[in-house]
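# Close look at the chain arrangement
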Amino acid sequence: MIDETLLEAEEKMEKAVEVAKEDFAGIRTGRVTPAMFNKITVDYYGAQTPVQQLASFHVPEPRMVVIQPFDKSSLGAIERAIRDSDLGVNPGNDGNIIRVVFPELSQERRKELVKVARGKAEDSRISIRNIRRHAKDAIDKAIKNGDIGEDEGRRAEKELDDFTHKHVAKVDDLLKQKETELLAV
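Below is a summary of the structure that appears in this document. Predicted model, so just to flag it, every value in this text is computed and none were measured. (Residues numbered from 1 in each chain as written. Predicted model: local features only at pLDDT ≥ 70, side-chain atom pairs only at ≥ 80, totals over all residues. Heavy atoms only, no water.)

Size it by volume and the largest pocket reaches roughly 430 Å³. As for the largest pocket, its lining consists of 22 residues, of which Gly26, Ile27, Asp86, Leu87 and Arg109 are closest to the centre. Counting residues per element, the lining of the largest pocket draws most heavily on helix H3 (residues 107-145), at 4 residues. Looking at the lining of the largest pocket, its residues break down into 11 nonpolar, 4 polar and 7 charged. Counting only domains with at least three residues in the lining of the largest pocket, you end up with domain 1 (1-28 + 106-183) and domain 2 (34-101). (1 Å grid on protein atoms, 1.4 Å probe; cavity = no way out; pocket = protein on both sides within 12 Å on 5 of 7 lines; lining within 4 Å. Points joined across faces, edges and corners; volume = space filled by probe spheres on them. Helix = DSSP H or I, 4+ residues; strand = E, 2+ residues; numbered from the N terminus. Nonpolar A, V, L, I, M, F, W, Y, C, P; charged D, E, K, R; others polar. Domains from an automatic or database assignment.)

Structure follows, in structure tokens:
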């Protein structure tokens, strides 16, 4: 039972780290990537659909993305979704493709993006600590019910703390990498 609880907690912590990676990929650095569009959904025939499922992305220049919809009728909806997103860009549409040109990052904007990255990292840390708390509650409950001994419970809690520290350190490393990318001129 303890092993199941610890395994489940570790898997959930890994997922929290993966979510942090995805969130950091969505934060723009000097070069534009298609990953920045991961969180954007388009109202496509009444269903919210991720923009990656509706179009192909090409990056011909470091600050430009060319989006070519698979279905030309979705062009306007994709353009609207990008304009309404938190990317802060105004896409251009020529009837066949959408060009999105990102402005050069100012030092002030870079510092704002670092704050955003730190907020996302803190959200991930909170998520990991919540997973730890739920697993610790399950272990405490098992000890109280007599399902496991106190020594085994202490060993499991120590292992749980090790998992927690390891995953929080991974998030911290991801944050350091992202801060370095953002502040590099």
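A word on the nonpolar core. Here is a general trend for soluble globular proteins: nonpolar side chains tend to be buried in one another's company. Formed by 28 residues in total, the largest nonpolar core has its most connected members in Leu6, Phe24, Ile128, Ile139 and Leu160. For this core, the secondary-structure elements that each account for two or more residues are helix H1 (2-25), H3 and helix H4 (150-183). Per element, the largest residue contribution to this core is 9 residues, and it comes from H3. Ranked by size, the runner-up nonpolar core spans 21 residues in total, among them Ile40, Leu54, Ala55 and Leu87. (Core = buried A, V, L, I, M, F, W, Y, C linked by side-chain atoms within 4.5 Å. Buried < 20%, exposed > 50% of the residue type's maximum accessible area, 1.4 Å probe, protein only.)

This part covers the pattern of salt bridges. Evaluated as defined, the whole model comprises 20 salt bridges. Residue Asp161 is joined to Arg132 by a salt bridge in which the shortest nitrogen-to-oxygen separation is 2.6 Å. Note that Asp161 is positioned in helix H4 and Arg132 in helix H3, a separation of 29 residues in sequence. For Asp161, a relative accessible area of 25% gives the class partly exposed. Arg132 sits in the partly exposed class, given a relative accessible area of 23%. Between Glu150 and Arg154 there is a salt bridge whose closest N-O contact spans 3.4 Å. Taken together, the residues span about one helical turn, with Glu150 and Arg154 both in helix H4 at a distance of 4 residues. (Salt bridge = Lys/Arg side-chain N within 4 Å of Asp/Glu carboxyl O.)

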